[in-house]
Amino acid sequence: MRTLIFRTIAPYLSALMVLYSIFVLLRGHNEPGGGFIGGLIAASALAIFGIACGVAAVRRALKVHPMSLAGFGLFIGTLAGVYSLFTKQPFMTSQWWPVTIFDVEIKLSTPLIFDIGVYFVVVGAIASIALALEERESD
Amino acid sequence: MAGPISSAKVDYSAAMNLAPVAAGDWLVVAPVLISLVGGAVCLMTRKNTQAQPKLAMIFLALLVAANLGLLVRVLDKGVITMVMGGWLPPFGIAFTADALGATLSLVASIVAFCAGLYGAVTVDGTGRRYGYYPFLVLLMAGVCGAFLTGDIFNLYVWFEVLLIASFGLIILGNDRPQLDGAVKYGVLNLIGTNLFLIGTGMIYGVFGTLNMADIAAKISELDNAASGTLLTIGVLYFLAFAMKAAAFPVNFWLPASYHTPNIVVSAVFAGLLTKVGVYALIRIFVLIMPESRDYMADLIAVVAIATMITGVLGALAQTEVRRVFGYLVIAGIGSMLAGLAVGSNLAISGAIFYAVHSILVMTALYMAAGVMHRMGGSYDMRELGGLYGANPAFAGVFLILAFAVSGLPPFSGFWPKVMLVDAAMSDGRGWLAFAILLSGFLTTLAVGRVWIYAFWRGGPEGTPDGTAVAASGGTISIGSSALWLPIGILTAMIVYFGLQPEVMFDLSARGALGVIEPLGYVRSVFGDAP
């Protein structure tokens, strides 16, 4: 799979896919999308980069082990639900902080944080499986 | 700014609980939260094999504290419910802690704490990098979640969580017998989980709700036309949880897999996993579907007798210590099922007490097996010997555990057996009582064999008669003094519950009453007028 064309295009393709995955993650609250599908798109971006340029390059680019990303996602996903402890509401009651930037109302909220947690769990888990499988193939 | 969006001008009071929640009620979700956060932190520090055990131990200690606080609060205030997200039940997912769930959750977390201590010695760097601690802590999320949830589909989810964590634990060393054991364990458990899911789908079809309290309240209003469907659901659930609990004849996965992983993993599995299945049986059949239980009582009794007798005969036939203990786990499950078969207040109390006893003693026995392996270099009785001479103190601890698992006084196994036999006799099930006593007697023989071969005789097979002390002579340490602490905690609890059974009598009686008379449970979820 390491053709010149693929190797040249893969970094740009991966970058685009990661960007798109963040777009899908953020639009997910009211429209199709969300943390899970966004995470899958980002994980496939990493997988494509791995196929083209080798797993070592992906691991270098990621800086941390994908499994740690999954742990981080689980961590903030759980903490997103804990915030309602301080408002005397049950676990996982959603909290909203609407802010207006350039006349656009953006609703920041704990569900968004939870979704970002899901995103990281999916990226981390799927990427570590994908990278492990690709590693086995290359040697 | 916090709270539901104010600009929408919607009246949320019909769908949401807007009353403030006392911080103490958060204890219901605290065990799961602590385990999830702890698992996440351990996962992030996976490569740091030095710091990770300490972090995990902090979270496991917090977990014990949270469960203790929860139990105290439940005993003080009655059943506590928290519905996730503030939605009103049955639409929100409810966590409902009653005496039964809180007690088992506490005992389970103590066992996990001991396993964390034990694992610090027996799980090497490779095992830690493969995730012993993250999996152990996440396993506890599944176990505590299963004990505390009040929603039947959520129960399924926690079963999945603990199953996935247990898959990770069972293949920790990645060698061939482990993978072999894991495949048998995995396939059987996945089939069981599927049956559970099918039954849950049917429950939703019949009742339109998955909240346990809601089902318990609605089931008595159901007309007779649905009784056939209910019975089908009952049988499906029974088969599913019998697989999880390792009841005869769907228990062959247990002896095939429990001797393969790292010994501390076996200890956790033997202590916790099958008991979650028993808990689910009690929760479903006593709280939610008492009529199905009445109808199936004879079947459950037959399964209980078969489980006890085949389990203990299996134990007698083995020479591998871990396999002996694996079969003893099964025999214990039979005793708990006997309680479920009788179904009276005393019988369910006995089953709950027995579950607590079994969690403690089976974990301790597997941990002791690990120590025997460290001292004698083998798990096979034929190759062990002279351990009494090598370390009399450890031999004494093993003797306590052996007495406890056989149900001999004055240890924790005695009282639940008395309760179960008493309950079975007063229900007119003489055969069931006889089977409980017989399995206790045969268990004595099975662990007596381990005692005689591994401890009492002078040395391994071939040592001349009359040798009192192993050839090396003198006291051999049990490998690492850090191993004394987890075994010591568990043994101390076993002795304490044997000498002071009132604590457990009270807890298990309240637990049993809570599931037999579901009014308190239902009211906790729906308020005074459901």
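Residues numbered from 1 in each chain as written. Chains lettered and ligands numbered in written order. Predicted model: local features only at pLDDT ≥ 70, side-chain atom pairs only at ≥ 80, totals over all residues.

Student: What is the right way to look at the overall build of chain A in this model?
Tutor: Along its length, chain A carries 5 helices and 2 strands. Projected onto the principal axes, the alpha-carbon positions of chain A cover approximately 55 × 30 × 25 Å. Considering only contacts in chain A between residues 6 or more positions apart, those separated by 24 or more positions represent 70%. (Helix = DSSP H or I, 4+ residues; strand = E, 2+ residues; numbered from the N terminus. Contact = placed C-beta atoms within 7 Å.)

Student: What is the right way to look at the interface of chain B and chain A in this model?
Tutor: One widely used convention gives an interface's size as the accessible area the parts lose upon coming together. The interface of chain B with chain A comprises 24 residues on the first partner and 21 residues on the second. Of all the elements in the fold, those that place two or more residues in the side of chain B that touches chain A are helix 1 (30-44) and strand 1 (80-83) of chain B. Residue classes in the side of chain B that touches chain A are distributed as 18 nonpolar, 5 polar and 1 charged. (Nonpolar A, V, L, I, M, F, W, Y, C, P; charged D, E, K, R; others polar.)

Student: Explain the packing of helix 11 (residues 263-288) of chain B against helix 14 (residues 345-376) of chain B here, please?
Tutor: Two quantities define a packed helix pair, namely the angle between the helix axes and the distance between the axes. Residues and elements named next belong to chain B. One way to put it is that helix 11 packs onto helix 14 with a least axis distance of 7 Å and a crossing angle of 170°. As far as their axial angle goes, helix 14 and helix 11 are roughly antiparallel. Partitioned by chemical class, the residues of the contact of helix 11 with helix 14 number 18 nonpolar, 6 polar and 1 charged. (Axes fitted to C-alpha atoms, helices over the stretch in contact; angles between N-to-C directions. Parallel < 35°, antiparallel > 145°, perpendicular 65-115°, else oblique.)

Student: Explanation requested: unusual backbone geometry in the structure shown.
Tutor: Most peptide bonds are trans, and most residues other than glycine sit at a negative phi. Residues and elements named next belong to chain B. Here the amide bond leading from Pro89 into Pro90 is cis, since omega sits at 5°, within 30 degrees of zero. Counting through the fold element by element, Pro90 comes out in the loop between strand 1 and strand 2 (94-97). Of the consecutive residues Pro409 and Pro410, the connecting peptide bond is found in the cis state with omega at 5°. The topology assignment puts Pro410 in the loop between helix 16 (392-406) and helix 17 (414-426).

Student: Can you help me understand the pairing of strand 1 (residues 96-101) of chain A in this one?
Tutor: Strand residues, when the strand is regular, have side chains that alternate between the two faces of the sheet. All names here are of chain A. Within strand 1, only 0 of the 6 residues are buried, which leaves the element largely exposed. Pairing between strand 1 and strand 2 (residues 104-109): 6 bridges, direction antiparallel. What sits directly across from Trp97, in strand 2, is Leu108. Turn length for the strand 1-strand 2 hairpin, with the two strands adjacent in sequence and antiparallel, is 2 residues, and the turn residue Phe102 shows positive phi of about 50°. (Buried ≥ 20, exposed ≤ 12 C-beta atoms within 10 Å, placed from the backbone. Pairing = 2+ DSSP bridges.)

Student: How should I be thinking about the UniProt feature "transmembrane region" (unreviewed entry) in chain A in this particular structure?
Tutor: Residue and element names in this part refer to chain A. When the UniProt feature table is mapped to this numbering, "transmembrane region" (unreviewed entry) covers residues 12-29, 35-57, 69-86 and 112-133. End C-alpha to end C-alpha, residues 35-57 measures 25 Å, and it is 96% helix and 0% strand. Strand forms 0% of residues 112-133 and helix 100%; the C-alpha atoms that close the span are 31 Å apart. (UniProt positions renumbered as here; feature names shortened; annotations may be inferred.)

Student: Sorry, what's going on with the environment of A:Thr78 here?
Tutor: Structurally, the position occupied by A:Thr78 is in helix 4 (residues 66-82). Under the C-beta neighbour-count criterion, A:Thr78 is labelled buried, with 23 such atoms within 10 Å. For A:Thr78, the contacting residues outside a window of four places in its chain are B:Leu33, B:Leu36, B:Val37 and B:Ala40.

Student: How should helix 7 (residues 176-207) of chain B be read in this particular structure?
Tutor: For an α-helix, 3.6 residues make a turn, and residues three or four places apart therefore share a direction. Residues and elements named next belong to chain B. The end-to-end C-alpha separation of helix 7 is 46 Å, in line with the 46 Å expected for 32 residues at 1.5 Å each. By the burial criterion, the buried members of helix 7 are Gly181, Ala182, Tyr185, Leu188, Asn189, Gly192, Leu195, Phe196, Gly199, Ile203 and Phe207. Buried residues along helix 7 sit in contact with helix 6 (152-170), helix 8 (212-218), helix 9 (227-245) and helix 10 (253-257). Positioned one or two residues after helix 7, Gly208 has a phi angle of 70°, which is positive. (Expected span 1.5 Å × (residues − 1).)

Student: Explanation requested: the confidence of the model for chain B in the structure shown.
Tutor: All names here are of chain B. For chain B, mean pLDDT is 88; residues scoring 70 or higher make up 94% of the total. Per-residue pLDDT, averaged within each element of chain B, yields its smallest value for helix 15 (residues 387-390) (82) and its largest for helix 5 (residues 132-148) (95). Taken as a whole, residues 1-6 scores under 50 in pLDDT and shows 7 contacts with residues more than four places along the chain or in a different chain. Here the predicted complex carries an ipTM of 0.90, next to a pTM of 0.92. (pLDDT = per-residue confidence, 0-100.)

Student: It is not clear to me how the nonpolar core should be interpreted in this structure. Could you clarify?
Tutor: If you look at soluble globular proteins, the nonpolar side chains tend to sit buried side by side. Ranked by size, the top nonpolar core spans 253 residues in total, and within it B:Val111, B:Leu136, B:Ala368 and B:Leu401 carry the most contacts. For this core, the leading source of residues is helix 14 of chain B, giving 22 residues. (Core = buried A, V, L, I, M, F, W, Y, C linked by C-beta atoms within 7 Å.)

Student: What exactly am I supposed to notice about the packing of helix 5 of chain B against helix 6 of chain B here?
Tutor: Residues and elements named next belong to chain B. Packing of helix 5 against helix 6 brings their axes to within 8 Å, and their N-to-C directions diverge by 155°. On the basis of their axis angle, the class for helix 5 and helix 6 is roughly antiparallel. Relative to helix 6, helix 5 is oriented so that their crossing is left-handed. Contacts from Phe135, Leu136, Leu138, Leu139, Ala141, Gly142, Val143, Gly145 and Ala146 in helix 5 reach Leu155, Trp158, Phe159, Val161, Leu162, Ala165, Ser166, Gly168 and Leu169 in helix 6. (Left-handed = near helix turned anticlockwise from the far one by under 90°.)

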